[in-house]
Amino acid sequence: MVSIMDRISQIGFVPVVALHDVKKAVGLARALEAGGIPVIEVTYRTAKASDCIRAIHRECPHMLIGAGTVLTISQVQEAVDGGAMFIVSPGYDEKVVSYCLENRIAVIPGVSSATEIQRAVAEGLKVLKIFPVEPLGGISAINFLAAPFSGIQFLPAGGIVMDNLGQYLANEHVFACGGGFVARTNLIEAEDWAGITDLCNKTVQTILGFTFAHVGVNCGTQEKAYDCMKFFKEAFDQPAVEGRSSIFLGDRQIELMKKPFYGTNGHLGFYTNSVERAIYHLGQRGWDVMKESIRYDSKGGMQSAYLQGEVNGFAVHVVKR
Ligand code: 3PG
C-alpha cells in the first residue's frame, strides 16, 4: 500500500485552505477531487477546522485529509479524531512532533532555518515543510538548506502560485508543494466550485508538463532500421544518433526501433516533469501503465513508462524531460 507521504508526493500539490463555514467544506473537497487533487490541508486558522475535517472525512472517502497550522497537541488529537491523516505545522514544535511520532501520526513540521532542520533530523524526520519559502529566498533557500542534510525532502509553502510551481517541483529536494492559490477565500465564499476545479486541472497540467517527445517507428530488424535511417538522411538531411535498441533522427523526434517493440506500428512519446506523478494522475483518469515497462534512472527515479493498450496501433509512453 502507498504511504500517505508517497501519495502526497505523487499528487504533487497540497491545497492549503482556511474554512470559516462547515457547509462549504464538502463542496470544496469535491471540487479539489474533481480537479485531480484529492488532498486538502484544512488549517486551524479558523474555529471551524475540526468540524470541516470531520465533514470531509464523512463525505469524501477518497480524500487525503491533513490538518494545517497545528500548534498544539490538543489540535492534533481533535484533528486525528475527526479523520485527519497528516499534520502540518507552520513552525517546529518539539511537543507536537514528539506526540505525532509516538502515536505514529504522519507529521510535516515547518522549518525555516538550519537549526530547526537539525532538530527535525535528530527526531528522524525526512519530510519538512519549508515556510514561508518565497520570502526565505525560494529555490536558492531550499538548495542552501538541503545541502548539509542528505535525504531531507521539503514541502515548500508560502508564496507558491501557478507561475512558480513548476520551478519548485523540478527541484530535487522538493517532495510536493503547498499553497492556497487554488482555493482562496473569495472562491470558497462564492462556492465557485467549477472555478476551483478549473484551477486544480491547470495545476495538474503544470505539475505534469506534458509535451510531445517523439514518434517511434517499429522497423522490425536492424537492417530495416538502417534502410529507414538512410532514407531520412538522404531525403531530409536528418542526422542520426544510434543507440543500443534504436536510432534517433534529427532533433530526436523520430526514433527508429531496431527490434520488435511495443505497439503494432510503433509508439508515441510524451515528455513529463515527473513520471511518478504522471503515472498517478493518468491512473486517476483511468489509464494505467504496464508495470514491466517502467525504466529507472541511476538515482532510482522513474525514467519512462508505457501505458497499457494502444491508440490506433501506437503504444504511448511518458518519458522524463
Ligand atoms: C501555508 O500555510 O502553507 C500557507 O499559508 C499557504 O501559502 P499561500 O497562502 O502563500 O498560498
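Heads up: these notes are all about the structure in this document. (Residues numbered from 1 in each chain as written. Predicted model: local features only at pLDDT ≥ 70, side-chain atom pairs only at ≥ 80, totals over all residues. Heavy atoms only, no water.)

## What about the packing of helix α9 (residues 162–169) against helix α11 (residues 193–208)?
Alright, step 1. Relative to each other, α9 and α11 sit at 35°, their axes nearing to 9 Å. For the element pair α9 and α11, the recorded crossing hand is right-handed. Between α9 and α11, the contacting residues are Met162, Leu165, Gly166 and Leu169 on the first element and Leu199, Lys202, Thr203, Thr206 and Ile207 on the second.
Alright, step 2. Taken together, the residues of the contact of α9 with α11 break down into 5 nonpolar, 3 polar and 1 charged. (Axes fitted to C-alpha atoms, helices over the stretch in contact; angles between N-to-C directions. Helix = DSSP H or I, 4+ residues; strand = E, 2+ residues; numbered from the N terminus. Left-handed = near helix turned anticlockwise from the far one by under 90°. Contact = heavy atoms within 4.5 Å. Nonpolar A, V, L, I, M, F, W, Y, C, P; charged D, E, K, R; others polar.)

## Quick look at the site of the ligand
Alright, step 1. Around the ligand, the structure places Val16, Arg45, Lys129, Phe131, Ala157, Gly158, Gly159, Gly179, Gly180 and Arg184.
Alright, step 2. Lys129 places a polar side-chain atom, nitrogen or oxygen, 2.7 Å from an oxygen atom of the ligand.
Alright, step 3. Interatomic distance of 2.7 Å between a backbone N/O atom of Gly159 and an oxygen atom of the ligand. (Near = heavy atom within 4 Å. Polar contact = N/O pair within 3.5 Å; in protein donor to acceptor, adjacent residues only side chain to side chain.)

## Focus on the nonpolar core
Alright, step 1. Grouped together as the largest cluster of nonpolar side chains are 88 residues, with contacts concentrated most on Leu28, Ile40, Val42, Ile56, Ile87, Phe154 and Ile196.
Alright, step 2. In terms of residue count, the dominant contributor to this core is helix α2 (residues 22–34) (6 residues). (Core = buried A, V, L, I, M, F, W, Y, C linked by side-chain atoms within 4.5 Å. Buried < 20%, exposed > 50% of the residue type's maximum accessible area, 1.4 Å probe, protein only.)

## Observations regarding the packing of α2 against helix α3 (residues 49–59)
Alright, step 1. Contact geometry of α2 with α3 gives a least axis separation of 8 Å together with a crossing angle of 45°. Our classification of the angle between α2 and α3 gives oblique. By crossing handedness, the relation of α2 to α3 is classed as right-handed. Contacts between α2 and α3 pair Val22, Ala25, Val26, Ala29 and Arg30 from the former with Asp51, Cys52, Ala55, Ile56 and Glu59 from the latter. (Parallel < 35°, antiparallel > 145°, perpendicular 65-115°, else oblique.)

## Considering the pairing of strand β2 (residues 39–43)
Side chains on a regular strand alternate between the two faces of the sheet.
Alright, step 1. The element β2 is largely enclosed, with a buried count of 5 among its 5 residues.
Alright, step 2. Taking every second residue as pointing to the same face, both faces of β2 are buried, with Val39, Glu41 and Thr43 on one and Ile40 and Val42 on the other.
Alright, step 3. Summarising the sheet, strand β1 (residues 13–17) and β2 pair through 2 bridges and their orientation is parallel. When the sheet's bridge partners are listed, Val16 is paired in β2 with Glu41.
Alright, step 4. Handedness of the β-α-β unit built from β1, α2 and β2 comes out right-handed.
Alright, step 5. Pairing between β2 and strand β3 (residues 64–68): 5 bridges, direction parallel. Residue pairing for β3: Ile40 is matched across the bridge by Ile65.
Alright, step 6. Viewed along the sheet, the connection from β2 through α3 into β3 turns out right-handed. (Pairing = 2+ DSSP bridges. Right-handed = clockwise from strand over helix to strand, strands pointing away.)

This is a description of form; function is not addressed.
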